[in-house]
Amino acid sequence: MSNHDKRELTLIGAGLAGSLLAILLSRRGWRITVYERRGDPRVKGYESGRSINLALAERGRHALRVAGVEEAVMRQAVMMRGRMIHGLDGSLQLQRYGRDDSEAIWSVHRADLNVALLEAAQRAGATIHFHRRLHTVDFDAGTARLIDDRDDQPEDIRFSTLVGSDGAGSALRAEMVRKAGFGERTDFLDHSYKELTIPPGADGGFRIEANALHIWPRGRYMCIALPNDEGTFTVTVFLPNHPVPGTDDPSFASVRSGREVHALFARDFADALPLIPDLERDWERHPPGLLGTLYLDRWHLDGRAVLLGDAAHAMVPFHGQGMNCAFEDCVALAEALDRHVPPSVPPGLARRALERAFAAFEAERKPNAAAIQSMALENYVEMRDRVDDPDFLLQRELERALQERHPQRFVPHYAMVTFMRIPYAVALQRSEVQREILVEATRGRHDLAGIDWEALAATVHARLPMLAQAR
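Keep in mind the model is a prediction, meaning the values are calculated, not measured. (Residues numbered from 1 in each chain as written. Predicted model: local features only at pLDDT ≥ 70, side-chain atom pairs only at ≥ 80, totals over all residues. Heavy atoms only, no water.)

**Regarding the overall build of the protein**
A tally of helices and strands in the protein yields 15 helices and 19 strands. Counting only residues that meet the buried cut, the protein has 55% of its 471 residues in that class. By sequence separation, contacts in the protein at least 24 residues apart represent 71% of the contacts at least 6 residues apart. Accessible area of the protein: about 20000 Å², with a carbon and sulfur share of 49%. Placing the 59 positive and 66 negative side-chain charges of the protein at their respective mean positions leaves the two points 4 Å apart. (Helix = DSSP H or I, 4+ residues; strand = E, 2+ residues; numbered from the N terminus. Buried < 20%, exposed > 50% of the residue type's maximum accessible area, 1.4 Å probe, protein only. Contact = heavy atoms within 4.5 Å. Areas by Shrake-Rupley, 256 points an atom, 1.4 Å probe, with all protein chains shown as cover. Lys, Arg positive; Asp, Glu negative; His and termini not counted. Charge placed at Lys NZ, Arg CZ, Asp CG, Glu CD.)

**Notes on helix α6 (residues 171-180)**
Buried residues of α6: Leu172, Arg173, Glu175 and Met176, and no others. All buried residues of α6 lie within an arc of 160° about the axis, which places them on one face of the element. The positive-phi residue at the C-terminal boundary of α6 is Gly181, with phi of around 85°. (Arc of directions from axis to C-beta.)

**A short note on the side chain of Thr418**
Along the chain, Thr418 falls in helix α13 (residues 413-418). Discounting chain neighbours no more than four positions away, the residues touching Thr418 are Ala57, Glu58, Ile105, His319 and Gln321.

**With respect to the sheet that holds strand β2 (residues 31-35)**
On the basis of which strands lie adjacent, the open sheet formed by six strands has the order β8-β2-β1-β12-β19-β18 and mixed pairing. Strands with a single pairing partner mark the edges of an open sheet, and in this sheet they are β8 (127-129) and β18 (300-301). Here five bridges tie strand β1 (residues 8-12) to β2, and the two strands are oriented parallel to one another. Its bridge partner lying in β2, Leu9 is registered against Ile32. Along the sheet, α6 contacts β1, β12 (162-164), β18 and β19 (305-307); its crossing angle with β19, the most-contacted strand, is approximately 125°. (Pairing = 2+ DSSP bridges. Axes fitted to C-alpha atoms, helices over the stretch in contact; angles between N-to-C directions.)

**Describing the pairing of strand β10 (residues 143-148)**
Bridge count between strand β9 (residues 133-138) and β10: five bridges; the pairing is antiparallel. Bridge assignment links Asp138 to a residue of β10, and that residue is Thr143. Linking β9 to β10, which pair antiparallel, is a turn of four residues; within it Gly142 sits at a positive phi near 70°. Pairing between β10 and strand β11 (residues 153-158): six bridges, direction antiparallel.

**Brief notes about the confidence of the model for the protein**
Mean pLDDT over the protein stands at 93; residues scoring 70 or higher make up 95%. Here residues 1-5 is a poorly scored stretch, pLDDT under 50, and it has 14 contacts once near neighbours within four places are set aside; other chains count. (pLDDT = per-residue confidence, 0-100.)

**Some details on the packing of helix α1 (residues 16-26) against helix α5 (residues 110-124)**
Helix-helix packing is characterised by the crossing angle of the two axes and by the distance between the axes. At a minimum axis distance of 8 Å, the contact between α1 and α5 shows a crossing angle of 25°. By the angle between their axes, α1 is roughly parallel relative to α5. The crossing of α1 and α5 is left-handed. Each of Leu16, Ser19, Leu20, Ala22, Ile23 and Ser26 in α1 lies in contact with α5, whose residues at this interface are Arg110, Leu113, Asn114, Leu117, Leu118, Ala120, Ala121 and Ala124. Tallied by class, residues from the contact of α1 with α5 come to 10 nonpolar, three polar and one charged. (Parallel < 35°, antiparallel > 145°, perpendicular 65-115°, else oblique. Left-handed = near helix turned anticlockwise from the far one by under 90°. Nonpolar A, V, L, I, M, F, W, Y, C, P; charged D, E, K, R; others polar.)

Written out as structure tokens, the structure is:
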């Protein structure tokens, strides 16, 4: 049997998606080798780039269950029941995500999660090499060059098929684009972000409500904070990159120094200011992080390479679905390989079988990735500008009422995306219909008194078919 006929895959990237995929495929009998450009986080500490704290939802939890690691991960997760809205006047309002604590999201520490997945991948039989940065690929010859950045030493490897799980800055995607185009495009927001930290209190506990995602919405900009299990909060400030004409809104062009950020917090995030002792120092030390959406015409190069997760469809973080979507990709790819590449694939047919599997994976996941990319962009406007808007709050009230009256038909947008596993594309389509119903029914109203519930029920039944997964 030639090298190309074995059930083996070479993964580029041992981050969250790469480690999870390595578990899933190793347990299915694949020979998995993973190359990671960073060092082993268990040996030298986690080398993280700028990254927004991670929110684990049902799609991601399902993938972890399939991989047999959910219990270990959830021991370190912190429940977030809803959005804690911090008004400019210091008022607080908790907006629950779901109906009860069974409908919540979970804050997870990226480093701890990555370590748990790496260890599970190695237990499952995957081989992981650290300090190996992908440099070049010869797809026709089936060879790749890797570089150890500690000493610039190259290592040449042979591969059968490559899987790109190496994130938004994917080196494998760059090589695939160089080989075959792929129509790569990244649309950057005109906003960026900086991360800060709220340390624990003197007793080691949380200094603000632990079981919530905190939001300071201020129109065209905002601040958020997510809890970590050690009593800290990861704080992220989102600002326009440049001044907004006709406003006095802050921007990264106008808030550069520690003095300027102190003034910004004193004016717009006053209750957060005393919680962040290193605000001025960290602001000056940390450059802004970019926010962009990656689009590709296709994700695979016949049977020789395929991309998933952020390497295929990076998105802005405002729906908390980047990791969850990537984990869903991993399960979908493993299942596509199950269907199209049997353990006894005949010699000479493995490459064609892989191409069919990758094509099926792409056909299933690409429309759903596009849908969640769109919803993530839309959710930024909701988080920064609408969560304290009276019209929005009235629509939320009606949404909950319609959910109670029509639980199999009117399922809130957030519930479909976060607490269910229906395709993102279906969630988007239904959400658009539901939004039209909510806007029309609440137009000109200040409360729900006088709503024609019978007429509204007829509209719901006419426009929204039963949703099988609703509970």
